[in-house]
Amino acid sequence: YARRWGYDYATFKGVALGYKEWHSCFNKLEILKQAQELKYDVLLMLDADAMVVDMNVDVFDVFPTGADTMVVGQAASSVSWNINNGVLLWNMTHSNTRAVVDRWRRESIRFLGATYSGGTDQGRFHEALKKELTEEERERVVYNSTGIFQYRKG
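How each quantity is defined
Residue indices follow the written sequence of each chain, beginning from 1 at its first position. This being a predicted model, a pLDDT of at least 70 is required before a residue's local features are given, and a value of 80 or more before pairs of side-chain atoms are given or counted; all residues contribute to the totals for chains, interfaces and linings. Computation of side-chain values: all heavy atoms of the structure, hydrogens and water removed. Counting from the N terminus, the helices are the DSSP runs of H or I reaching at least four residues and the strands are the DSSP runs of E reaching at least two. Accessible area is worked out with a 1.4 Å probe on protein chains only. A residue is then buried under 20% of its type maximum, exposed over 50%, and partly exposed in between. Any two residues whose heavy atoms approach within 4.5 Å are treated as being in contact. In short, Shrake-Rupley with a 1.4 Å probe defines the accessible areas, and a residue's cover is counted only from the protein chains shown. If DSSP finds at least two bridges between two strands, the strands pair. The axes are straight lines fitted to the C-alpha atoms, using for helices just the contacting stretch, and the angles between their N-to-C directions are given from 0 to 180°. Residue count minus one, scaled by 1.5 Å, sets the expected span of a helix. Side-chain atoms alone can form a polar contact between residues adjacent in sequence; in general such a contact is a pair of N or O atoms within 3.5 Å, and within protein one must be able to donate a hydrogen while the other accepts it. For this analysis, a ring pair means two rings from Phe, Tyr or Trp (six-membered ring only for Trp) whose centres lie within 6.5 Å, classed as stacked if their planes differ by under 30 degrees, edge-to-face if by over 60, and tilted for the remaining angles.

> Mind showing me how you'd approach the overall build of the chain here?
On a plain count of helices and strands, the chain comes out with 5 helices and 4 strands. The secondary structure elements of the chain, listed N-terminal to C-terminal, are α-α-β-β-β-α-α-α-β. Counting all 154 residues of the chain, 39% fall into the buried class. Looking at the chain alone, contacts between residues at least 24 apart form 69% of all its contacts between residues at least 6 apart. Split by element, the accessible area of the chain, about 9200 Å² in all, is 50% carbon and sulfur.

The following block contains the structure:
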């Protein structure tokens, strides 16, 4: 897909943050950090269990242009912070992106340092959205991708 549209592609195998195998769900934070350092404008992130089905659609063409969009994701409910982070399209140049990503990373590192052995990056992502953005900001900058990203059982 990336080659077809002329985009860079990166993957991470192993555990970047944490020390248990299931901590690999936090690898996306390392990829986000690298994307920030390399000054990418837009970043599509897919979990290992996600895939692009329609190779004829350039996902960056569906990014809401002209909107104050920070991140695009599939809503899990009607509340603005409850989006699934298994497929996210980030506007890396948005004024709130760094603060949300940094908070998500801090919350995750703190979580991984605790003795608790369950949970995922999803809860830390939700906490970052809730703590870094007001409800009004979330309504404006978090875009519900229903109709763009579809979740189906394989």
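> Is there a simple way to think about the pairing of strand β1 (residues 42-46) in this case?
When a strand is regular, its side chains alternate between the sheet's two faces. Only one face of β1 is covered, namely the face carrying Leu43 and Met45; the face carrying Val42, Leu44 and Leu46 is uncovered. Both β1 and strand β3 (residues 83-91) contribute to a ladder of 5 bridges, which runs antiparallel. From the neighbouring strand, Val42 faces β3, where its bridge partner is Asn91.

> Explain the sheet that holds β1 here, please?
Strand pairing within a sheet occurs via backbone hydrogen bonds; the two strands may be parallel or antiparallel. Judged by pairing direction, the sheet is mixed, and its 4 strands sit side by side in the order β1-β3-β2-β4 without closing on themselves. Two strands close off the open sheet at either side, each with one partner strand: β1 and β4 (142-144). Averaged over all neighbouring strand pairs, the angle between strand axes comes to 30°, with direction disregarded. Taken strand by strand, helix α2 (residues 27-37) contacts β1 and β3, and its axis lies near 165° from that of β1. Of the strands in this sheet, β3 and β4 are in contact with helix α4 (residues 121-132), which crosses β3 at around 55°.

> I tried to follow α4 on my own but got confused; where do I start?
Helical geometry note: an α-helix holds 3.6 residues per turn, so side chains three or four residues apart project in the same direction. When the terminal C-alpha atoms of α4 are compared, their 16 Å separation across 12 residues agrees well with the 16 Å that a helix rising 1.5 Å per residue should span. Asp121, Gln122, Arg124, Phe125, His126, Ala128 and Leu129 are the residues of α4 that are buried. Tucked inside the fold, the buried residues of α4 contact α2, β3, α3 (97-113), α5 (135-141) and β4. Its side-chain oxygen 3.2 Å from the backbone nitrogen of Gln122, Thr120 forms the N-cap of α4.

> What am I meant to see in the packing of aromatic side chains here?
Any aromatic ring pair is given by two values, namely how distant the centres are and how the planes are angled relative to each other. Counting across every chain of the model gives 6 aromatic pairs. Between Phe26 and Phe111, the ring centres sit 6.0 Å apart and the planes meet at 40°, which makes this aromatic pair tilted. Remark: Phe111 occurs in helix α3 and Phe26 occurs in the loop between α1 (2-5) and α2; sequence separation between them is 85 residues. Residues Phe26 and Phe111 agree in their burial class; the two are buried. Taking 4.7 Å as the distance between ring centres and 50° as the angle between the ring planes, the aromatic pair formed by Trp104 and Phe125 counts as tilted. Here the residue Trp104 occupies a position in helix α3, and Phe125 occupies one in helix α4, the gap between them amounting to 21 residues.

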